[in-house]
Protein chains: 2
Amino acid sequence: MKSSIGIKRQTVTSSVLDLLRDRIISGVYPGGYQIKQEAVADEFSVSRIPIREALLQLEAEGLVVIHTHKGAVVAALTPQDAIDIFEARLALEPFMLAKAMAKATDADTDRVRTAYLNYETALTKGEAPERLSALNWAFHNALLAAANRPRSFALIAILHNSADRYLRLQIDTEAAQTKALEDHRALAEAFAKRDLTLAQRLLKKHIADARDDVIRNLKEGLA
Amino acid sequence: MKSSIGIKRQTVTSSVLDLLRDRIISGVYPGGYQIKQEAVADEFSVSRIPIREALLQLEAEGLVVIHTHKGAVVAALTPQDAIDIFEARLALEPFMLAKAMAKATDADTDRVRTAYLNYETALTKGEAPERLSALNWAFHNALLAAANRPRSFALIAILHNSADRYLRLQIDTEAAQTKALEDHRALAEAFAKRDLTLAQRLLKKHIADARDDVIRNLKEGLA
DNA sequence: CTGTTGCATATTGAATACAACAGACCCCTG
DNA sequence: CAGGGGTCTGTTGTATTCAATATGCAACAG
């Protein structure tokens, strides 16, 4: 097999997919924004075909809604949707954490610790929100990776992306991020000690708190 | 070819999507089968574009795996994958059942009862497996519909489709279906009584038993 | 004989071209 | 003035065409 390492040969569709996803999650394309295929195609100097295919995948991720002959619209952010997403995470993540911790090795513990430290240093350095988001996900990722459940993992990843859209809306992102850091620290510790009960409780609270914060902010925003 | 009832406002892509999905779930396209775009396009006398788009959606549903420049292959059926799927359901469905039962009205109870009866009559009539599959899903659907959680529901629907592929492999489908009927009866009763604890326990057992059956059959098949 | 290299073919990826639909606008009629 | 109908335009859906990649095979060097 030829080494494809180092060679960056992405397909146009996947490049567009990543770019559009970033724009939606970061809020460049807000909820309700209509993504016109031709506009995106022109912007990237490609045809509409890869755009269409990227949009289909974004729809599968729940980031856009496509109506026949009417096109793709960025999914709206609503309290009900936030509850839907965060509570699905609440059902899935602690469950998968159990599977992960049951099979975790010292190497997995190290990965969790490293992911925690990366988030910490990025936060103290005051790095950009998208960087912090990525590292936040990397931490949750590390917690669950040992479970080795591709499908469940994919579902959780999708939920995280959508959840991220809400988290980026936070008024006081700094407070939320600092709290997240503290939660992560405790989680990493419980993971290292293989204290499943504690870890699950912490994770549930972590997600539930995020849900409540998001809801509160949304309600305030509407008032 | 499906009968076009009334106006066929369906897009080619969605028609192809439904047909391919059926073929995969029913086993016409077995795990590992390579779906060639042009072959399907020729069969339906359409271009490859709708095929490609359908395949992308099937990938999002976890029914096929696409590799760049190598095409789409029907996802393999493995014990690990089955565990992954059924245990994700085990995490999600009882959780959502709680949300559903908390908001359920008498109309919802009726829908559950009707769904149960439909499955029962179809089973006694000895209808085709795909019909029974659809009614089985309709029952689970009815149990959870009142929750009104589109995203969680979409995830569960996808998991059901993949789970169905495994259930269709069952050696003794009749025994499995009869057991399912009994489970459903008890579930419908608990739902009607609003006995959440019992309903959740029954649902968990229902799913866990299905998982175990599937695993056992897979292992035997490999032996 | 073995391993590598280069070519031929099958298949997918993307661009271009054409068709169909939704929505807005205008005009018309009552 | 309200409402209907038709055209017109912008956008999406699909077909067709071209380009790029993977894979198998044959020729060849060692």
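The sections below set out a description of the structure shown in this document. Remember, predicted model here, so these are calculated numbers, not experimental data.

Rules used in this analysis
- Residues numbered from 1 in each chain as written.
- Chains lettered and ligands numbered in written order.
- Predicted model: local features only at pLDDT ≥ 70, side-chain atom pairs only at ≥ 80, totals over all residues.
- Heavy atoms only, no water.
- Contact = heavy atoms within 4.5 Å.
- Buried area = accessible area lost by both parts, 1.4 Å probe.
- Salt bridge = Lys/Arg side-chain N within 4 Å of Asp/Glu carboxyl O.
- Buried < 20%, exposed > 50% of the residue type's maximum accessible area, 1.4 Å probe, protein only.
- Helix = DSSP H or I, 4+ residues; strand = E, 2+ residues; numbered from the N terminus.
- Arc of directions from axis to C-beta.
- Phe/Tyr/Trp six-rings, centres within 6.5 Å; stacked < 30°, edge-to-face > 60°.
- Near = heavy atom within 4 Å.
- Polar contact = N/O pair within 3.5 Å; in protein donor to acceptor, adjacent residues only side chain to side chain.
- Nonpolar A, V, L, I, M, F, W, Y, C, P; charged D, E, K, R; others polar.
- Least-squares fit on C-alpha atoms with pLDDT ≥ 70 in both.
- Pairing = 2+ DSSP bridges.

### Comments concerning the interface of chain B and chain A
Part 1 of the argument: Contacts between the two partners involve 26 residues from chain B, matched on the other side by 26 residues from chain A.
Part 2 of the argument: Of the roughly 2,400 Å² buried between chain B and chain A on both sides combined, carbon and sulfur atoms contribute 56%.
Part 3 of the argument: Taken as a group, Glu53(B), Asp84(B) and Arg151(B) account for 28% of the area that chain B buries against chain A, more than any other trio of residues on that side.
Part 4 of the argument: Between chain B and chain A we count 8 salt bridges in total.

### Observations concerning helix H2 (residues 37–44) of chain B
Given 3.6 residues to a turn, an α-helix orients residues that are three or four positions apart in the same direction.
Residues and elements named next belong to chain B.
Part 1 of the argument: Looking at H2, one finds that the buried residues are Val-40, Ala-41 and Phe-44. An end-on view of H2 places all buried positions within 100 degrees of arc, on one side of the element. The outward face of H2, more than 90 degrees from its buried face, is lined by the exposed residues Glu-38 and Asp-42.
Part 2 of the argument: Summarising the contacts, the buried residues of H2 are in contact with helix H1 (12–26), strand S1 (34–35) and helix H3 (48–60).
Part 3 of the argument: Among the residues trailing H2, Ser-45 stands out with phi positive, at a value near 55 degrees.

### What to know about the packing of aromatic side chains
Residue and element names in this part refer to chain A.
Part 1 of the argument: Inspection of every chain in the model, using the stated rule, returns 4 aromatic pairs over all chains.
Part 2 of the argument: Their ring planes at 15 degrees and their centres at 4.4 Å tell us that Tyr-29 and Tyr-33 sit as a pair that is stacked.
Part 3 of the argument: Using a relative accessible area of 6% as the deciding quantity, one classes Tyr-29 as buried.
Part 4 of the argument: The partly exposed category is assigned to Tyr-33, whose relative accessible area is 35%.

### Section: unusual backbone geometry
Residue and element names in this part refer to chain A.
Part 1 of the argument: Even without glycine at this site, Ser-45 takes up a positive phi of about 55 degrees.
Part 2 of the argument: Within the fold, Ser-45 resides in the loop between helix H2 (37–44) and helix H3 (48–60).
Part 3 of the argument: Residue class for Ser-45 comes out exposed when judged on its relative accessible area of 66%.

### Brief notes about the protein's contact with DNA strand C
Part 1 of the argument: As a structural note, the neighbourhood of DNA strand C is formed by 20 residues, with Thr11(A), Val12(A), Ser47(A), Arg48(B) and Arg52(B) the closest of them.
Part 2 of the argument: Lys70(A) places a polar side-chain atom, nitrogen or oxygen, 3.3 Å from a phosphate oxygen of DNA strand C.
Part 3 of the argument: At 2.9 Å, a side-chain N or O of Arg48(B) approaches a base nitrogen of DNA strand C.
Part 4 of the argument: Elements with a contribution of two residues or more to the surface near DNA strand C: helix H1 (12–26) and H3 of chain A together with H3 of chain B.
Part 5 of the argument: The leading source of residues in the surface near DNA strand C is H3(B), at 3 residues.
Part 6 of the argument: For the surface near DNA strand C, the residue count by class is 6 nonpolar, 8 polar and 6 charged.

### A look at the relation of the copies chain B and chain A
Part 1 of the argument: Turning chain B through 180 degrees and shifting it by 0.0 Å along the axis lays it on chain A, with an RMSD of 0.0 Å. Read as a symmetry element, the transformation amounts to a two-fold axis.
Part 2 of the argument: Comparing interface residues between copies, 100% of those in chain B also sit at the interface in chain A, which points to an isologous, same-surface contact.

### Quick word on the sheet that holds strand S3 (residues 71–74) of chain A
All names here are of chain A.
Part 1 of the argument: The strand order S1-S3-S2 describes an open sheet built from 3 strands, whose pairing is antiparallel. Because the sheet does not close on itself, it has two edges, and the strands there are strand S1 (34–35) and strand S2 (64–67).
Part 2 of the argument: Of the strand pairs in this sheet, S2 and S3 are connected by 4 bridges, and their pairing is antiparallel. By the bridge assignment for S3, Ile-66 is matched with Ala-72.

### A short note on the protein's contact with DNA strand D
Part 1 of the argument: With respect to spatial proximity, 20 residues lie near DNA strand D, and among them Arg52(A), Thr11(B), Val12(B), Ser47(B) and Lys70(B) are the closest.
Part 2 of the argument: A breakdown of the atoms of DNA strand D within 4 Å of the protein gives sugar and phosphate a share of 75%.
Part 3 of the argument: For DNA strand D, a phosphate oxygen lies 2.7 Å from a polar atom in the backbone of Ser47(B).
Part 4 of the argument: At 3.4 Å, a side-chain N or O of Lys70(B) approaches a phosphate oxygen of DNA strand D.
Part 5 of the argument: Only H3 of chain A together with H1 and H3 of chain B provide two or more residues apiece to the surface near DNA strand D.
Part 6 of the argument: With 3 residues, H3(A) is the largest single contributor of residues to the surface near DNA strand D.
Part 7 of the argument: Taken together, the residues that form the surface near DNA strand D break down as 6 nonpolar, 8 polar and 6 charged.

### Some points on the pairing of S3(A)
Part 1 of the argument: Of the strand pairs in this sheet, S1(A) and S3(A) are connected by 2 bridges, and their pairing is antiparallel. Residue pairing in the sheet places Gln34(A) in a bridge with Val73(A) of S3(A).

### Describing the pattern of salt bridges
Part 1 of the argument: Evaluated as defined, the whole model comprises 39 salt bridges over all chains.
Part 2 of the argument: The partner of Lys205(A) in a salt bridge is Asp209(A), and the shortest N-O contact between them spans 2.8 Å. Placement of both Lys205(A) and Asp209(A) in helix H9 (residues 196–222) is noted, with a separation of 4 residues, approximately one turn of the helix.
Part 3 of the argument: With its nearest N and O atoms 2.5 Å apart, the salt bridge here joins Lys179(B) to Asp183(B). Separated by 4 residues within a single helix, Lys179(B) and Asp183(B) lie in helix H8 (residues 173–193), roughly one turn from each other.
Part 4 of the argument: Taking the relative accessible area as the measure of exposure, Asp183(B) reaches 17% and is therefore buried.

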